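# Tertiary structure, described
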Amino acid sequence: DSGVTQTPKHLITATGQRVTLRCSPRSGDLSVYWYQQSLDQGLQFLIQYYNGEERAKGNILERFSAQQFPDLHSELNLSSLELGDSALYFCASSVGSGIANQPQHFGDGTRLSIL
Amino acid sequence: LAKTTQPISMDSYEGQEVNITCSHNNIATNDYITWYQQFPSQGPRFIIQGYKTKVTNEVASLFIPADRKSSTLSLPRVSLSDTAVYYCLVGDNDYKLSFGAGTTVTVRA
């Protein structure tokens with residue numbers, strides 16, 4: 001158990017809709033990262049928040065947004081959904097803000113299916 | 001964005017040593033190299049991290065040459081439960097993460 005909790009585990013929706021994915025980081029971790037994993041793209045880094053502030057952006061679409069709340073949980077909002085957004089979305093957390101110099105602890109993901 | 005390249009797959013047998021090499025030509029000066037293991041329907045799990053030379057923990061070793069343009073994850077005496085996808089991760093100076101495409105390691109009895 002990594003200590004990172006993601007909800008929901010599965011989500012099925014239709015094109016054009018909007019969904020919110022939720023992540024609770026491991027206790028004591030201040031950074032939250034979001035990743036998208038699809039069969040053809042592998043693991044893609046989307047965005048990082050550290051202690052409530054956006055820290056780094058990766059390949060995140062404009063239709064996607066995220067935030068980290070004062071209690072450090074984070075939400076990833078996906079809007080105007082397209083079939084190609086079907087994927088596994090992972091959240092990870094780490095203690096500090098360094099983007100690549102510390103271990104990240106991953107949740108088990110939210111599987112998003114767009115019909 | 002740093003580009004990482006790994007072999008797509010590797011086969012091995014129980015008890016053998018498995019070495020997976022990741023190429024990362026654009027690694028940044030201050031960035032580390034991290035390896036993760038992923039089983040189906042689970043999130044990646046941290047294995048090992050290093051900056052240069054050699055790092056060893058209870059499950060793996062990581063070899064990094066002086067130029068740091070590649071790294072090799074070494075799994076000693078693998079078992080069937082080591083069958084998984086292994087990813088290397090590096091960051092670059094633009095603060096973007098790059099995961100390798102993953103190496104599927106299959107361990108056979």
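## A closer look at the overall build of chain B
Counting secondary structure elements, chain B contains zero helices and 10 strands. Relative to a compact globule of 109 residues, whose C-alpha radius of gyration would be 13 Å, chain B shows 13 Å and is just as compact. Overall, chain B is about 45 × 30 × 20 Å in size when its C-alpha atoms are taken along their principal axes. Counting every position in chain B, which comprises 109 residues, the buried fraction comes to 46%. Of the contacts formed within chain B by residues at least 6 apart in sequence, a portion of 55% connects residues at least 24 apart. Here chain B has roughly 5500 Å² of accessible surface; of this, 48% comes from carbon and sulfur atoms.

## Brief notes about the overall build of chain A
Of the regular secondary structure elements, chain A holds zero helices and 11 strands. The C-alpha atoms of chain A give 13 Å as radius of gyration, which agrees with the globular expectation for 115 residues (13 Å, within 12%). Out of the 115 residues belonging to chain A, those deemed buried represent 52%. Taking the intrachain contacts of chain A between residues at least 6 apart in sequence as the baseline, contacts between residues at least 24 apart amount to 56%. Carbon together with sulfur atoms contributes 47% to the accessible area of chain A, which is approximately 5300 Å² in total.

## Overview of the state of the cysteines
Residue and element names in this part refer to chain A. Here the structure, examined in full by the defined rule, presents two disulfides over all chains. Here C23 pairs with C91 through a disulfide, and the sulfurs are 1.8 Å apart. Negative torsions about the S-S bond denote left-handed disulfides, and the value of about -55° found for C23 with C91 makes this one left-handed. Taken together, the positions of C23 in strand β3 (residues 19-24) and C91 in strand β9 (residues 87-94) put the pair 68 residues apart, joining distant regions of the chain. For the pair C23 and C91, one class covers both residues: buried.

## Some thoughts on the layout of surface pockets
Computed from the structure, the largest pocket encloses a volume of approximately 630 Å³. Contributing to the lining of the largest pocket are 31 residues, with Q37, S38 and L39 of chain A together with Q38 and Y87 of chain B lying nearest its centre. Mapped onto the lining of the largest pocket, the elements with two or more residues apiece are β4 (31-38), β9 and β11 (110-114) of chain A together with β8 (84-91) and β10 (103-108) of chain B. In the lining of the largest pocket, the residues fall into 13 nonpolar, 16 polar and two charged. Reported here for the second largest pocket is a volume of approximately 410 Å³. What lines the second largest pocket is a set of 19 residues, among which D1, S2, G3, F106 and D108 of chain A lie closest to the centre. Of all the secondary-structure elements, those providing two or more residues to the lining of the second largest pocket are β1 (5-7) and β10 (105-106) of chain A together with β4 (45-50) of chain B. Class assignment for the residues of the lining of the second largest pocket results in five nonpolar, 10 polar and four charged.

## Observations concerning the environment of H24 of chain B
All names here are of chain B. Of note, H24 is situated in the loop between β2 (18-23) and β3 (33-38). Sequence separation of H24 and S12 is 12 residues, and the distance between their C-alpha atoms is 24 Å. Aside from chain neighbours lying at most four places away, what touches H24 is K3, T4, I33, R68, K69, S70, S71 and V90. At 3.1 Å, the side chain of H24 and the side chain of S71 are in polar contact.

## As for the packing of aromatic side chains
Two aromatic rings are characterised by how far apart their centres lie and by the angle between their planes. All told, the structure shown has 11 aromatic pairs over all chains when counted by the stated rule. Geometrically, the ring pair formed by F64 of chain A and Y89 of chain A is edge-to-face, given 6.4 Å between the ring centres and 75° between the ring planes. Residue F64 of chain A is located in strand β7 (residues 64-68), and its partner Y89 of chain A is located in strand β9; the two are separated by 25 residues in the primary sequence. Judged by relative accessible area, which is 0%, Y89 of chain A ranks as buried. Taken together, the ring pairs in this structure connect Y35, F45, F90 and F106 of chain A together with Y36, F46, Y87 and F99 of chain B into an aromatic cluster. The ring centre of Y51 of chain B lies 4.0 Å from the NZ or CZ of R68 of chain B, which sits over that ring.

About the thresholds
Residues numbered from 1 in each chain as written. Chains lettered and ligands numbered in written order. Predicted model: local features only at pLDDT ≥ 70, side-chain atom pairs only at ≥ 80, totals over all residues. Heavy atoms only, no water. Helix = DSSP H or I, 4+ residues; strand = E, 2+ residues; numbered from the N terminus. Rg over C-alpha atoms; globule rule 2.2 N^0.38 Å. Buried < 20%, exposed > 50% of the residue type's maximum accessible area, 1.4 Å probe, protein only. Contact = heavy atoms within 4.5 Å. Areas by Shrake-Rupley, 256 points an atom, 1.4 Å probe, with all protein chains shown as cover. Disulfide = S-S within 2.5 Å. 1 Å grid on protein atoms, 1.4 Å probe; cavity = no way out; pocket = protein on both sides within 12 Å on 5 of 7 lines; lining within 4 Å. Points joined across faces, edges and corners; volume = space filled by probe spheres on them. Nonpolar A, V, L, I, M, F, W, Y, C, P; charged D, E, K, R; others polar. Polar contact = N/O pair within 3.5 Å; in protein donor to acceptor, adjacent residues only side chain to side chain. Phe/Tyr/Trp six-rings, centres within 6.5 Å; stacked < 30°, edge-to-face > 60°. Lys NZ or Arg CZ within 6 Å of the ring centre and 35° of its normal.

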